[in-house]
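Each chain is listed here by its residues.
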There are 2 protein chains.
Amino acid sequence: MPDDFERMWGDLAPVGRSASSGGYFRQPFTSPERELHAWFGEQCTARGLRIESDDFGNVVGWWDIRSDDPAVLTGSHLDSVLDGGAYDGPLGVVSALAAIDLMRARGVVPSRSLGVSVFVEEEGSRFGLACLGSRLAAGAISWDVARSLTDRDGVALGDVVAGGTSSLLAGVGTFVELHVEQGRDLVDRGTAIGVASEIWPHGRYRFDFTGAANHAGTTRMEDRADPMLTYALTVLAANEQARLAGHRATFGRVSVEPNGTNAVPSKVTGWLDARCATDAGLAELVAAIERQAAERTEVDGTSLRLTAESVSGSVAFDPALAAAVAADHEGGDWPIIATQAGHDAGILSAAGIPTAMLFVRNPTGISHSPDEHASIADCLVGVSALADTLERLTR
Amino acid sequence: MPDDFERMWGDLAPVGRSASSGGYFRQPFTSPERELHAWFGEQCTARGLRIESDDFGNVVGWWDIRSDDPAVLTGSHLDSVLDGGAYDGPLGVVSALAAIDLMRARGVVPSRSLGVSVFVEEEGSRFGLACLGSRLAAGAISWDVARSLTDRDGVALGDVVAGGTSSLLAGVGTFVELHVEQGRDLVDRGTAIGVASEIWPHGRYRFDFTGAANHAGTTRMEDRADPMLTYALTVLAANEQARLAGHRATFGRVSVEPNGTNAVPSKVTGWLDARCATDAGLAELVAAIERQAAERTEVDGTSLRLTAESVSGSVAFDPALAAAVAADHEGGDWPIIATQAGHDAGILSAAGIPTAMLFVRNPTGISHSPDEHASIADCLVGVSALADTLERLTR
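Given the structure is predicted, the values throughout are model-derived calculations rather than measurements. (Residues numbered from 1 in each chain as written. Chains lettered and ligands numbered in written order. Predicted model: local features only at pLDDT ≥ 70, side-chain atom pairs only at ≥ 80, totals over all residues. Heavy atoms only, no water.)

A. Spotlight on the overall build of chain A. The helix and strand tally for chain A stands at twelve helices and 17 strands. Computed over C-alpha atoms, the radius of gyration of chain A comes to 22 Å, within 12% of the 21 Å expected from 2.2 N^0.38 for 395 residues, which places it in the range of a compact globule. For chain A, the C-alpha atoms occupy an extent of roughly 80 × 40 × 40 Å along the three principal directions. Looking at chain A as a whole, 63% of its 395 residues qualify as buried. Counted over contacts in chain A with a minimum sequence separation of 6, partners at least 24 positions apart contribute 76%. When the accessible surface of chain A is split by element, carbon and sulfur atoms take 48% of a total near 13,900 Å². (Helix = DSSP H or I, 4+ residues; strand = E, 2+ residues; numbered from the N terminus. Rg over C-alpha atoms; globule rule 2.2 N^0.38 Å. Buried < 20%, exposed > 50% of the residue type's maximum accessible area, 1.4 Å probe, protein only. Contact = heavy atoms within 4.5 Å. Areas by Shrake-Rupley, 256 points an atom, 1.4 Å probe, with all protein chains shown as cover.)

Structure follows, in structure tokens:
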């Protein structure tokens, strides 16, 4: 079966890849991502999987089994962050298809239906809200709210997808997502596979700093209201707060108006990505950053408006399921580890579907970067681990 | 003649104006700016001025006089910064045309040719180099260098204009530019018109900070190489250095890769606009900012590459000409004042053409902003002052 995995991996490699950076630009409802969806449909058809789509662009390929037992769903996503890596998302989809191939090669016939899912806009790289497809499928966000989300060009989600309803999760009793690890926990433990215990609470917060545009040459420093200064102080404050307390805080995206070299900006918008081990810690972290930003507006003569664009509370995956998935393997149990990254699995778990995640070792820990990597050997161990897990769950 | 000025001003008001901000987007060789150039051609034709263009997009409307004496040129530019004001540039062009109308109404016939000039890309808002058109006309930059300058979409100057040579300045003995003041010196003095003594040395410097992209959630703070932090520290350092020493330093433009909320950036590029009263002071200011930036790269694990995109040395306008222009007016001499803003007049002066600048009072001092303003009454005093000046110079 290694051939199947490597062939599929080779199919995906060129799609949406930047020749200059080597990273991927697979934003939802753009042509590279649509090409991946078409490819997924072909793969399902070739395996005799029945394709079911919902009104939001999510899709499942079903291995239908006549049974009254709740189905098992596995899969991930095909979209990427801007200039992202090859593994985040596609590894889970390709591994799911390869795991079905492996189960069939082993002669396994599930006792209940088994589906391979692809949820759209997991990264939130286009419409700003991560796990948008799984939120819509699970009813965690209404279409009336989601349809108005806009991308950087002002295009609304409602303009690119019909919207409506989803019944993809109707008969689903368990969800399993395999994902490349985004960290070095498994490297440190010397093991290829881990199982998720929990996802840290995390959120995206938009900081709009407003000042007054003016000439960069003729305006005396003391006569300015420069929002770039308030932004800069906030970036450093966020880093310091997170560093001191063992949290995570990042300003990775900024937008400046008018963004001209010889003009003091009128407005600077920065997006904070913040994550903590606890919900209370996350709230405290954001409040501390906001406090320092607000203090600095007094110095700079600027103003701040803070908007929480999305906040995802702590997710504890079903502990009994995690223990069952992790136990009794050749060479010992798989370790059960926490992650700071959000996933569709977190949305489905929060929606009440017992959910498990498998992680595949990432030798550098780097993710959301062209340098993201996992060895082919580890990926194949991942396929085998996923096949084992699905076999147990559909027995 | 007030009617002529106000009619022309009304012609220009809607062109390239943003409905949301009220500011202007008149980037060189884009349709709003081309519309302004077409309008200028019509205005010249209506006045019987002979139109002469060069290969770079610069244009002069000539009031030809049969004489061996060197010509007098007046004018300014029609392009704007991003989201700029109405006055910076167009005021000098419209006032020049209105001044010719006024001279003719007064029965003045010049003893030498008088031209109205429009130089392209004065702001450097598209191709990054301010006073690009006048630099090319004056031979201060070669076409071989300029043709490769690119805009933010990668379009080269050589793709939008033919390039070649210019003889616009061949017979020019004096240049006069009228401009809205970008500061409050004239407000403080209670006078509508001033004459320029000098332009501060100034430059644009690109700071490329390189780090390593990674996942904003899973990457521990201590494992990051985040160039946004180095950029933020540099922004604050530049402000502090300039504030303490009475210089000017601004980061008004920034570009981030990949600029995604949930990814530590791989690269942050910031553009520094720096200005000082002396050439030595400017070099010291930039060196001090670079030193602090470089120190911070050690902390952040990032790297810095600094590129001086343009540096304009101190310009002292012809003092005898300034004194002659400023002297003997009703209500006393016009004040002679320094400016921190670059102008085409500075390029022509540095190229050896005796040059003068007139400033028109700006009640708020705000420029490079939709809020830039001058009263109609002051603008008309400016037209009259320019007509007086041209009459003296062409007598």
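Resuming the write-up.
B. Representation of the relation of the copies chain B and chain A. When chain B is fitted onto chain A, the two copies agree to an RMSD of 0.0 Å after a turn of 180 degrees and an axial shift of 0.0 Å. Such values leave the two copies arranged in the relation of a two-fold axis. Across chain B, the rotation axis passes nearest the C-alpha of A232 of chain B, at a separation of 2.1 Å. Interface residue correspondence from chain B to chain A reaches 100%, placing this contact among same-surface, isologous pairings. (Least-squares fit on C-alpha atoms with pLDDT ≥ 70 in both.)

C. Representation of the interface of chain B and chain A in the model. Counting from both sides, the interface comprises 59 residues of chain B and, opposite them, 59 residues of chain A. On inspection of chain B and its partner chain A, the count reaches two salt bridges. Where R184 of chain B meets D223 of chain A, a salt bridge forms, and the shortest distance between an N and an O atom there is 3.6 Å. The interface formed by chain B and chain A holds 22 residue pairs in polar contact (both at pLDDT 80 or more) in total. (Salt bridge = Lys/Arg side-chain N within 4 Å of Asp/Glu carboxyl O. Polar contact = N/O pair within 3.5 Å; in protein donor to acceptor, adjacent residues only side chain to side chain.)

D. Up close: the pairing of strand β13 (residues 267-275) of chain A. Residue and element names in this part refer to chain A. Among the nine residues in β13, eight count as buried, and that is most of the element. Of the strand pairs in this sheet, strand β9 (residues 202-210) and β13 are connected by nine bridges, and their pairing is antiparallel. Residue pairing for β13: Y205 is matched across the bridge by L272. (Pairing = 2+ DSSP bridges.)

E. Focus on the domain arrangement of chain A. All names here are of chain A. Domains assigned within chain A are domain 1 (2-200 + 314-393) and domain 2 (202-312). Computed from C-alpha coordinates alone, the two centres of domain 1 and domain 2 are separated by 33 Å. Taken together, the contacts link 13 residues of domain 1 with 13 residues of domain 2. A buried area of about 1,100 Å², summed over both sides, lies between domain 1 and domain 2, and 42% of it is on carbon and sulfur atoms. Contact with domain 2 buries surface across domain 1, with W200, S314 and Q340 losing the most and accounting together for 51% of the total. Seen at the junction of domain 1 and domain 2, the total is zero salt bridges. For the pair domain 1 and domain 2, the number of links is seven residue pairs in polar contact (both at pLDDT 80 or more). (Domains from an automatic or database assignment. Buried area = accessible area lost by both parts, 1.4 Å probe.)

F. Local environment of the packing of helix α3 (residues 90-105) of chain B against helix α12 (residues 376-393) of chain B. All names here are of chain B. The N-to-C vectors of α3 and α12 enclose an angle of 65 degrees; their axes lie 8 Å apart at closest approach. Crossing handedness for the pair α3 and α12: right-handed. When α3 is examined against α12, the residues L91, S95, A96, A98, A99, L102 and M103 are found in contact with a partner set consisting of C379, V383, S384, L386, A387, L390 and E391. (Axes fitted to C-alpha atoms, helices over the stretch in contact; angles between N-to-C directions. Left-handed = near helix turned anticlockwise from the far one by under 90°.)

G. Here's a closer look at the pattern of salt bridges. Following the criterion strictly, the structure yields 38 salt bridges over all chains and no others. Here K267 of chain A ties to D208 of chain A by a salt bridge, and the two come within 3.9 Å at their closest N and O atoms. With K267 of chain A in strand β13 and D208 of chain A in strand β9, this pair connects stretches of sequence that are 59 residues apart. Using a relative accessible area of 4% as the deciding quantity, one classes D208 of chain A as buried. The partner of D223 of chain B in a salt bridge is R220 of chain B, and the shortest N-O contact between them spans 2.8 Å. By relative accessible area, which is 32% here, D223 of chain B ends up partly exposed. Given the relative accessible area of 40%, R220 of chain B is considered partly exposed.

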